[in-house]
Amino acid sequence: MASETGSRVQRFLDSDIWYSFTRSPITVGAAIVTLAMFVAAVFAPWLAPHHPFDLATVDLLDAFLPPAWIEGGDPRFLLGTDDQGRDILSTIMFGARISLGVGFASVVFAMVIGVTLGLISGYLGGTVDSVIMRFADIQLSFPAILIALLIDGVARGVLPRDMHDELAIYVLVFAIGISGWVQYARTVRGSTLVEKNKEYVQAAYVMGVSPLLIMVRHVLPNAMGPVLVIGTIHLAVAIITEATLSFLGVGVPPTSPSLGTLIRVGNDFLFSGEWWITVFPGAALAILVLAVNLLGDWLRDALNPKLR
Amino acid sequence: MIAFIIRRLFQSVLVMLAVGLIAFSLFRYVGDPINNMVGQDTTLEQREQLRERLGLNDPFIVQFARFAANAARGEFGISYRHRRPVDDLIVERLPATLELSLVAAIMALVIGVPMGVYTGLHRDGVLSRIFMAVSLAGVSLPTFLIGILLILLFGVVLQWLPTFGRGEVVSLGWWTTGLLTVGGLKALIMPAFTLALFQMTLIMRLVRAEMLEVLRTDYIKFARARGLTNRAINFGHALKNTLVPVITITGLQLGSIIAFAIITESVFQWPGMGLLFIQAISEVDIPVMAAYLTMIAFFFVVINLIVDLLYYVVDPRLRAGGTAGGRV
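Reference entry: report on the structure contained in this document.

What counts, and at which threshold
- Residues numbered from 1 in each chain as written.
- Chains lettered and ligands numbered in written order.
- Predicted model: local features only at pLDDT ≥ 70, side-chain atom pairs only at ≥ 80, totals over all residues.
- Heavy atoms only, no water.
- Salt bridge = Lys/Arg side-chain N within 4 Å of Asp/Glu carboxyl O.
- Helix = DSSP H or I, 4+ residues; strand = E, 2+ residues; numbered from the N terminus.
- Contact = heavy atoms within 4.5 Å.
- Buried area = accessible area lost by both parts, 1.4 Å probe.
- Polar contact = N/O pair within 3.5 Å; in protein donor to acceptor, adjacent residues only side chain to side chain.
- Nonpolar A, V, L, I, M, F, W, Y, C, P; charged D, E, K, R; others polar.
- Phe/Tyr/Trp six-rings, centres within 6.5 Å; stacked < 30°, edge-to-face > 60°.
- Buried < 20%, exposed > 50% of the residue type's maximum accessible area, 1.4 Å probe, protein only.

Residues and elements named next belong to chain A. Under the definition given, this model contains 7 salt bridges over all chains. Here R134 makes a salt bridge to D137, at a shortest N to O gap of 2.7 Å. With R134 and D137 both in helix 6 (residues 126-140) and 3 residues apart, this pair spans about one turn of that helix. One continuous salt-bridge network, built from bridges that share partners, spans R134, D137 and R186.

Given below as structure tokens:
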């Protein structure tokens, strides 16, 4: 067993992908930044210098402190504090946790729906295929943010207010996920159409393997490369969408702020000169999205056989 | 050709019906419309009368038909929050959004196309690399963040430009415009730029890619062999051939500009339809939501239809290609 994992690692280190990764300093940088932000977000409760949502440790007397290197700053709060005396660095780490969580969950949700529909569409063909693809075309002609806004608006109308606050994160994942499935479905459908006519699929069919098993075990793995690329780029898009919705005030409730919510809150203090309350969460968001985008761009090129 | 047009028209009608159904279900089944129209002290009997008078007891299909007929005339009922007819509210807000969107679209074209041509012609130049890096930032920075940073820089630190609202507006009949006053123009700069930036990067990348492709073709080589000037080749032949996709995509993006105006309007408190819509969502003001939704869907359907027909007419090659993806 150990030797097998060893050889797998070795295989990975010998692969083209690892080679092209190490040859691109920008990609390595983006990967390091992404990884650092992931770690900071996931382990925020242990790594953050303060617990911004634990009321016992927050002191209103610390409110509106500028970053530590500016006159009047306090070394305890590296990036300053907000209107309630919460440490900005810590709120960013906790906020990134929500942003990344919602982003990942939406991507997985969109991926599951898109891949399933794409497989069905490509494998079955016929009426099922044209219905699904027509639907995809129509949805694609509307911007995703509008669809996400609409779903959120409907949920707000259907659910009572207190219940909505409780379920807001799930509603958001659902809204962003639904607004992003089309790309996956189209790609997987395309790969499926190509794969299903290949001999190995026909061989499996002749052997009596059930269509479901053929799709999942044989066709799907061959369609996964592009799906991963779309997933990475979609993660950046999902994070932006979540931040935008939260900024517009229709995203996560203020009790568990994401980066977008933090920017929204800080925006109110822009004019009174407390720029750090907005700018630092904004910078964190921009860096995170940029790093993920760069990784996605690289992955697209690395997995594209035409460019090898 | 005619079959194609009929099929597309049929599809458009289908989309509008689907959106109408969503809007209607929102209006009819999300919350009780009666509760939102009357005060606390209305008796059950009065409520029942109102319900009967508004036809809320009729069969679903009759109600939907009535809703669709009203919507086609632009009537969407009375806003729960503003207590005014929704169509009045929208007509009042329409000029602000349209002006912002059009100025943004023009800005994106006027800046994006030359940048694209430049980066296409000098692909390894220093300036090209800077443009490409900036465009990556344009894609990665969320719209609202760009708006906030602009406000911080030009509104708060430098104090050159106003940070919210439309400034002074002039009324021309029912249309109000900010384009005729200095204050109005100054107020327009930042929101329009914010809205334009993403489209600008999109257009730049598109023009660049098209230019690179066209410059490789044989007829450009022949043109060079004939000894035409660079200027005539680059602008007369190459650029002209890249413009078909650019114009169609800009047309398609016009719809998404109006949709993204929701975000920009919210950042700059620009009194347009987007701001109205976002307030309607957070206050569950369903008639406004339904009206905005139907309107924007209509807008999208019309734009898509026109662009599809243009594809068909202008360039048969493009027929096989997919639709252009929007942001997000």
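A few words now on the interface of chain A and chain B. For interface size, the figure often reported is the accessible area lost on association. The interface is formed by 42 residues belonging to chain A together with 38 residues belonging to chain B. Carbon and sulfur atoms supply 80% of the area buried between chain A and chain B, which totals about 3,500 Å² over both sides. The interface formed by chain A and chain B contains 0 salt bridges. Our count for the chain A to chain B interface comes out at 1 residue pair in polar contact (both at pLDDT 80 or more). Top element by residues in the side of chain A that touches chain B is helix 7 (residues 144-158) of chain A. It accounts for 11 residues. Of the residues that constitute the side of chain A that touches chain B, the class distribution is 27 nonpolar, 9 polar and 6 charged.

Two measures describe an aromatic ring pair: the distance that separates the ring centres and the angle between the ring planes. Counted under the stated rule, the structure contains 11 aromatic pairs over all chains. A centroid spacing of 5.9 Å and a plane angle of 80° characterise the contact between W275(A) and W276(A), whose relative ring orientation is edge-to-face. In this structure W276(A) comes out as buried when scored by relative accessible area, which is 6%. When the centroid spacing of 5.5 Å and the interplanar angle of 55° are considered together, the rings of F24(B) and F64(B) count as tilted. Note that F24(B) is positioned in helix 1 (residues 2-29) and F64(B) in helix 4 (residues 60-72), a separation of 40 residues in sequence. Taken together, the aromatic side chains of W275(A), W276(A) and F280(A) make up a single cluster linked through ring pairs.

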